[in-house]
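An overview of the molecular structure
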Amino acid sequence: LFFFQIIQASEIIKGYPKVVDGDTIHINSYKIRLEGIDAPEMKQKCKKPYFQIMFFNFQRDYYCGLVSKKKLTQKIVNKPVKCILLGKDRYKRYLAKCLKGTIDLNRWMVRNGYAIAYRKYSKLYVPDENLAKDEKLGLWRGTFIKPEQWRRKNK
């Protein structure tokens, strides 16, 4: 099952993005999915620690998809982004590696724990996910189900 098509090698879209969620942006009429990563959905709840006594760790729910979107928005902070198009997904969105200056936004999202490596489609960001997990950053501070599993359960 091959769900995306290859487009002209290294076609580039530049502009000021509107952040839709933690792994999707729009630049003008282009709908762009950050390739190789998967961020929590907007309505997805995760758990994060808020209180700890000895071995007891108390967690509370939070909207992790909202946090993911907010962090990507803050990272871009009204600056232009350059997206290198790699293909299209089954929803006709462009799959791309997006850069703010020299910062790979796909990698930054995973490395800081606001998205996970989308292993089903790419292994590129697995080392960044491992780093975030080891350092207990973002999602990895608490507990969550993978966005793909959440979507399956909540459709």
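Residues numbered from 1 in each chain as written. Predicted model: local features only at pLDDT ≥ 70, side-chain atom pairs only at ≥ 80, totals over all residues. Heavy atoms only, no water.

Here the focus is the pairing of strand 2 (residues 18-21). With three bridges connecting them, strand 2 and strand 3 (residues 24-27) associate as antiparallel partners. Residue Lys18 lies in a different strand from strand 3, and its bridge partner there is His26. (Pairing = 2+ DSSP bridges. Helix = DSSP H or I, 4+ residues; strand = E, 2+ residues; numbered from the N terminus.)

For the coordinates displayed, the defined rule picks out two disulfides. Residue pairing for Cys46: its cysteine sulfur links by disulfide to Cys64, the two sulfurs lying 2.0 Å apart. For the disulfide bridge between Cys46 and Cys64, the dihedral angle about the S-S bond is near 60 degrees, and by the sign convention the bridge is right-handed. Taken together, the residues Cys46 in strand 6 (residues 45-53) and Cys64 in helix 1 (residues 64-76) connect sequence positions 18 residues apart. Taking relative accessible area as the criterion, Cys46 reaches 3% and is therefore assigned buried. Sulfur-sulfur distance for the disulfide between Cys83 and Cys98 comes to 2.1 Å. Between Cys83 and Cys98 the sulfur-sulfur dihedral comes to about 110 degrees; the bridge is accordingly right-handed. Of this pair, Cys83 sits in strand 8 (residues 81-88) while Cys98 is found in strand 9 (residues 94-100), placing the two residues 15 residues apart along the sequence. Assigned by exposure class, Cys83 and Cys98 land together as buried. (Disulfide = S-S within 2.5 Å. Buried < 20%, exposed > 50% of the residue type's maximum accessible area, 1.4 Å probe, protein only.)

Structurally, Asp38 is set in strand 5 (residues 37-38). Judged by relative accessible area, Asp38 falls into the buried class, the value being 1%. Within polar-contact distance, the side chain of Asp38 engages the side chain of Arg151 at 3.0 Å. (Polar contact = N/O pair within 3.5 Å; in protein donor to acceptor, adjacent residues only side chain to side chain.)

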